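Listed below, chain by chain, are the residues.
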Amino acid sequence: ITSPYAAAAAAAALKALPPSSTALTKKRTHNKEEQQQKRRERNRVLAKRTRLRKKFMFQSLQTQVSSLHMENERLKEIVIKRCGDRGPRILADCCRGGLSPVVASCTRQATALLQRSDFLLMKALQTSQPAFCVTDPTLADCPIVYASDGFIALTGYSRAQVLGRNCRFLQGPDTDPDAVGKLRRGIEAGRDTSVFLRNYNASGESFWNFVFVSPLRNAEGKVINYVGIQHPVDNPPAPDVLEIMMGDSDDIYDDADEDDAASM
Ligand SMILES: Cc1cc2nc3c(=O)[nH]c(=O)nc-3n(C[C@H](O)[C@H](O)[C@H](O)COP(=O)(O)O)c2cc1C
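The following refers to the structure shown. (Residues numbered from 1 in each chain as written. Predicted model: local features only at pLDDT ≥ 70, side-chain atom pairs only at ≥ 80, totals over all residues. Heavy atoms only, no water.)

### Notes on the pattern of salt bridges
So, point 1. The final tally for this structure, using the stated rule, is three salt bridges.
So, point 2. A salt bridge links E41 to R44; the shortest N-O distance between them is 2.9 Å. Separated by three residues within a single helix, E41 and R44 lie in helix α2 (residues 21-83), roughly one turn from each other.
So, point 3. The class for E41 is partly exposed, based on a relative accessible area of 39%.
So, point 4. Across the pair D141 and R168 runs a salt bridge whose closest N-O atoms are separated by 3.0 Å. Here D141 is found in the loop between β1 (131-135) and β2 (144-147), whereas its partner R168 is found in the loop between α8 (159-162) and α9 (177-189), with 27 residues between them in sequence. (Salt bridge = Lys/Arg side-chain N within 4 Å of Asp/Glu carboxyl O. Helix = DSSP H or I, 4+ residues; strand = E, 2+ residues; numbered from the N terminus. Buried < 20%, exposed > 50% of the residue type's maximum accessible area, 1.4 Å probe, protein only.)

Right, dumping it as structure tokens:
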């Protein structure tokens, strides 16, 4: 190309051409990397919230277990005082196969234990006796198929009254529909979900419930049960603490899903 006009025309023609396949591939790779980066960032935020929630849960459980231990020690003293020589024998009989100290004594160990497998999770739950239930999503309306003694004590219903029912019977006029919605979406998506909501016991008295629901999966990864831990609290944490603990994990998951769809 010799004349400046011809050179300008050639440059304009080049610009008008569709981008080469290498340029397109580069752009796609760049977009994909950006999306991956975004997803990683969201996962980091999510993981932080999950850690906070678990920490809160364990601290509450530890407080409960510690006070039970203290109560236990007081009762032992009474037995020793009142039963004299027979005291140690009675205590030895009572304490055979007693409580595992894991949850009470070491958070890190307890966390590792709970992460090892669903089976150990159930065992740890049974040992520490909180209120919890197991539901079966393969049955109509995901009814309760197991309720711990703690669940019965907390709700005031008999076992016969709770088995076969969906846990929503604990809700009432002051239950926040947004919290219920969050629980519903989490359960539908098969992910760990926790919310603070107002529930009602059999006498109609309301209480704050910190509910943690988690799917239990079989070897193929299919959800076969849900376990739900009900933890009564005097008051939900202050709004700013709640914000950090709960965030709006729905949004995070929803965006991540969109990203996944976009990157496919
Ligand atoms: C294992 C498990 C435990 C649950 N525990 C409670 C609970 O203690 N309190 C409550 O209000 N909802 C609880 N739920 C949530 C309700 O069962 C139900 O999923 C929720 O109300 C949303 O569904 P719905 O919109 O059809 O009512 C639990 C759910 C599951 C799967």
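After that view, the rundown keeps rolling.
### As for the state of the cysteines
So, point 1. Inspection of the entire model under this criterion finds zero disulfides.
So, point 2. C133 takes part in no disulfide bond, and the closest cysteine sulfur, belonging to C167, lies 3.7 Å away.
So, point 3. C133 gets classed as buried once you look at its relative accessible area, which sits at 1%.
So, point 4. Sulfur of C142: no disulfide; nearest cysteine sulfur belongs to C167 and is 7.8 Å away.
So, point 5. Exposure remark for C142: the relative accessible area of 18% places this residue in the buried category. (Disulfide = S-S within 2.5 Å.)

### Here's the deal with the packing of aromatic side chains
So, point 1. Under the defined criterion, the tally for this structure stands at three aromatic pairs.
So, point 2. For the ring pair F132 and Y146, a centre distance of 5.7 Å and an interplane angle of 40 degrees mean the geometry is tilted. Highlighted residues: F132 in strand β1 and Y146 in strand β2, separated in sequence by 14 residues.
So, point 3. Ring geometry for F196 and F210: centres 4.4 Å apart, planes at 25 degrees, overall stacked. Of this pair, F196 sits in strand β3 (residues 193-200) while F210 sits in strand β4 (residues 206-217), placing them 14 residues apart in sequence.
So, point 4. Under the relative-accessibility criterion, F196 is labelled buried at 8%. (Phe/Tyr/Trp six-rings, centres within 6.5 Å; stacked < 30°, edge-to-face > 60°.)

### Here's the deal with a nonpolar patch on the surface
So, point 1. Where nonpolar side chains cluster on the molecular surface, the patch consists of L139, V145 and Y146 and spans about 240 Å² of accessible area.
So, point 2. With respect to the helices and strands, the residue V145 is situated in strand β2. (Patch = residues over 30% accessible without salt bridge, like charges linked within 9 Å, V, L, I, M, F, W, Y side chains within 5 Å. Areas by Shrake-Rupley, 256 points an atom, 1.4 Å probe, with all protein chains shown as cover.)

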